[in-house]
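For reference, the chains in residue letters:
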Amino acid sequence: MMAALRIILALMSLGARAHSASVSISSPRADDVILTLEPQLTGGFSVVLIDSNDRTVFSHIGRTIVSSSTYTVEDIEGGVQINVGDVNLTVHTLFDDASGARGIKFKWNATPQTRLEDCIDFGSKHWYAGPMQVDQIYPVQLAEQRYSASIIKENDNGAIAERYWLNSAGEYVYVHPDVPLFVDYHNLSPNHLCFGAQIAEPYSSRRTHTVLAYDVWFLSNVKKAHKHAVANYLGQPSGLPDFRMVQHPIWSTWAQYSQDIDAKKSLDFAKQIKDNGFQNSQFEIDDLWEICYGSLTIDEEKFPNFTKTVQDIKALGYRVTIWVHPFINKGCEPWYSEALNNGYLVLNEAGSADGSWWNNNGTLAGFVDFTNPAAAEWYYQRISTLIKTYDIDSLKFDGGESSFTPQIAVQTGDIDLQPHLIVEAYARTCARFGSMVEVRAGFRTQDLPIFVRMVDRDSIWGLNNGLSTIVTTTIQMNLNGYTLVLPDMIGGNGFNLNHDQADLPTKELFIRWVQANTFLPAMQYSFVPWNFDNETTEISRKYTDLHAAYADEIYAIMEASVKEGKPVNAPLWWIDPNDEEALVIWDEYLLGENILVAPVLTEGATSRDVYLPAGVWYEEGDRSRVLEGPTWLRAYPAPLDVLPYFVREKVNAPDAATAPCLSALLLILAINVFIVL
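Residues numbered from 1 in each chain as written. Predicted model: local features only at pLDDT ≥ 70, side-chain atom pairs only at ≥ 80, totals over all residues. Heavy atoms only, no water.

Undergrad: Looking at this model, I keep getting lost on the overall build of the protein chain. Mind explaining?
TA: Each helix and strand in the protein chain was counted, giving 12 helices and 35 strands. When burial is assessed residue by residue, the protein chain has 62% of its 677 residues classed as buried. Relative to all contacts within the protein chain whose residues are 6 or more apart in sequence, the contacts with residues 24 or more apart total 70%. Of the roughly 24000 Å² of accessible surface on the protein chain, 50% is carried by carbon and sulfur atoms. (Helix = DSSP H or I, 4+ residues; strand = E, 2+ residues; numbered from the N terminus. Buried < 20%, exposed > 50% of the residue type's maximum accessible area, 1.4 Å probe, protein only. Contact = heavy atoms within 4.5 Å. Areas by Shrake-Rupley, 256 points an atom, 1.4 Å probe, with all protein chains shown as cover.)

Now the structure itself:
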């Protein structure tokens, strides 16, 4: 019979630990949780948690380590080390005295040739967070994720992908940023979340070891767990973006005109917006205003007097912003050669600067190397000169995913943090331009006080990058710690016509998109309501004005996110983390904790079922229309001009799920290890 390595975890009640900073246990107590590592004939260990008589197989770790029948165990400070050939595993337990959180740290260390693999059982729990995806399914245990690198990438909309997963039982997993991580749902092991670690593209081949390190935390509910993760891993915004961007819509030329913009069309567009009675935060001149991509030089055939164009638009009451990116196309001279010769472009391990993006225009592209401080400053100064020359108010920054760099990229900085370094460095360079900027990619940049724009949506219904994903992706971004969400343009992109379903938005889709966006932090138009008819214009104006009426409250909720790390738009379980119904609802969202929004997301629907969690609710904030939750409102009427939303009576009682969490009080506990035969 194979031996089972049993580790008594000091996951004791606070009362049992009253005045002790560490505990050494020689035999189980009634309130202990026992972690058992059980060697498997197929390789690795099953991680089993035993709480009283409850035995749970939490995960199967070291699945590629086939020699796990022969191993040695040694005590190390605060934990144990298990040696299997030239691979070692350390296991530590943690206790956060302030929040009552119990944790386990796993860390594998192996040779560069070794591929590691741990799989965590989804079980019957509901799982949240994870990466941004094209099919943004919620909860995520229902999603598809085929084994692929966990980096910030164009593929599968992976612009926001922190290594964080959270579940309805109050458990969460955070994978360390130095892991050359690959992620899989269900394929390597049915109903499992699997982490692979291997030195393979896009991770640097020059890494000297393979590491798979992650922390697992256990709290009493999902809300407490997320707040603990924010405090100890994810972080929160350090400040607020521009208020006017919250109050009134951004108007972009992109979807309405694509690259076919010029001075006349820009000014005519600005006038149309005013003539139709809409307010604005800014007018954004999108692709294509440059003579070539990366030149940052105005195309004077399109804009003969760009200074005058900007001033004419400003005279109508707009601020003017412009679209920029981190690329320089090959052949865009002299700027490409200047960047290449000065070492300002990312090179791959073979020394090539040839990358690719969506506007290659038949050539290849360089990506400015923001991990090189000199290159970042060169880029910053060029942009600064542009906006000063033409009196431009701010910028829309596009791209930034590391997959656009030449592969395998060589970056400045810790080799074990590549390729993420370029993403963070680009976002931080963008943030230097102030509170009106927007970016679309980030990694460990939740602290930036700027809007993070959702990757382009398709002009379709459904969870396949369509309207429904406005809700599920907003929740995903908030749970990744990016709470200052700028949704994609109302009505979607309209240009991804390679998609089987994609097309220009219909009137119904456009109106439902306006409504779904109303209680999100900002509204962004490009396709315009008057493309359709007067009814569309009136309904769109109604909800744009409603958003403006709530702008002060939206901004206050964003400020609470800065101060406390709370989501701005949370899933329904944020109100009641023990409500089984709320744990699975994906087609409603909260603004703060007291406004619930239930947009119509189904084509042709004029009603929908609405779930209200615990509390006293007022339909559309009307105190004469009172509802008591928790309750289902079946077939709630929602004709085309109606957005179902509800305002909850504010509760002044302390938040039972938000005990303060101080990472400084993490205590490493003593562990005793013994072999059971």
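What follows picks up the thread again.
Undergrad: When you look at helix H5 (residues 306-315) in this model, what are you seeing that I'm missing?
TA: Because the α-helix completes a turn every 3.6 residues, residues three or four places apart line up on one side. Buried within H5 are the following residues: Phe 306, Thr 309, Val 310, Ile 313 and Lys 314. Considered in projection along H5, the buried side chains sweep an arc of 130° and stay on one side of the axis. After H5 finishes, the residue Gly 317 shows a positive phi value of roughly 100°. (Arc of directions from axis to C-beta.)

Undergrad: So what exactly am I meant to see when it comes to the state of the cysteines here?
TA: Chemically, a disulfide is nothing more than a covalent bond linking the sulfur atoms of two cysteines. Scanning the entire structure with this criterion turns up 2 disulfides. Disulfide pairing places Cys 119 opposite Cys 194 at an S-S distance of 2.0 Å. Taking the torsion about the sulfur-sulfur bond, which here is approximately 110°, the covalent link between Cys 119 and Cys 194 counts as right-handed. Of this pair, Cys 119 sits in strand S9 (residues 116-121) while Cys 194 sits in strand S15 (residues 192-197), placing them 75 residues apart in sequence. A sulfur-sulfur separation of 2.0 Å characterises the disulfide bridge that pairs Cys 292 with Cys 332. In this structure, the disulfide formed by Cys 292 and Cys 332 twists by about 70° around the S-S bond and is classed as right-handed. (Disulfide = S-S within 2.5 Å.)

Undergrad: Please explain the environment of Ala 548 as it appears in this structure.
TA: With respect to the secondary-structure elements, Ala 548 resides in helix H11 (residues 534-549). Note: C-alpha distance between Ala 548 and Met 523 (25 residues apart in sequence) is 9.7 Å.

Undergrad: Any chance you could explain the pattern of salt bridges here in plain terms?
TA: Note that side chains of opposite charge can pair when their charged atoms are close. Following the criterion strictly, the structure yields 36 salt bridges and no others. Of the charged contacts, one joins Asp 286 and Lys 396 as a salt bridge, the two residues approaching to 2.9 Å between their closest N and O atoms. Placement of Asp 286 in the loop between strand S18 (282-285) and H5 and of Lys 396 in strand S23 (residues 394-397) is noted, with a sequence separation of 110 residues between them. Both residues of the pair, Asp 286 and Lys 396, belong to the buried class. Measuring nitrogen to oxygen at the nearest pair gives 3.5 Å for the salt bridge that ties Arg 625 to Glu 620. Using a relative accessible area of 29% as the deciding quantity, one classes Arg 625 as partly exposed. (Salt bridge = Lys/Arg side-chain N within 4 Å of Asp/Glu carboxyl O.)

Undergrad: For this particular structure, what's the right way to read the side chain of Ser 384?
TA: In this structure, Ser 384 sits in helix H7 (residues 373-390). Looking at Ser 384, its side chain comes within polar contact range of the main-chain oxygen of Tyr 380, at 2.8 Å. (Polar contact = N/O pair within 3.5 Å; in protein donor to acceptor, adjacent residues only side chain to side chain.)

Undergrad: Looking at this structure, how should I read the packing of aromatic side chains?
TA: The geometry of an aromatic ring pair comes down to the distance between the two centres and the angle between the two planes. Enumeration over the complete set of coordinates arrives at 50 aromatic pairs. Seen from their ring centres, Phe 278 and Trp 530 are 5.8 Å apart, and the 50° between their planes marks the pair as tilted. Of the two residues, Phe 278 is situated in the loop between helix H4 (263-275) and S18 and Trp 530 in the loop between strand S28 (524-525) and H11; the sequence distance between them amounts to 252 residues. Classification of Phe 278 as buried rests on a relative accessible area of 3%. Judged by centre distance (4.9 Å) and plane angle (50°), the rings of Phe 370 and Tyr 426 are tilted. Separated by 56 residues along the polypeptide, Phe 370 in the loop between strand S22 (365-367) and H7 and Tyr 426 in helix H8 (residues 420-431) bring together distant segments of the chain. Of the two residues examined, Phe 370 and Tyr 426, each falls in the buried class. Here the guanidinium or amino end of Arg 382 rests over the ring plane of Trp 378, the centre of that ring lying 4.6 Å away. The ring of Trp 632 has Arg 634 sitting right over it, with the charged end atom 4.3 Å from the ring centre. (Phe/Tyr/Trp six-rings, centres within 6.5 Å; stacked < 30°, edge-to-face > 60°. Lys NZ or Arg CZ within 6 Å of the ring centre and 35° of its normal.)

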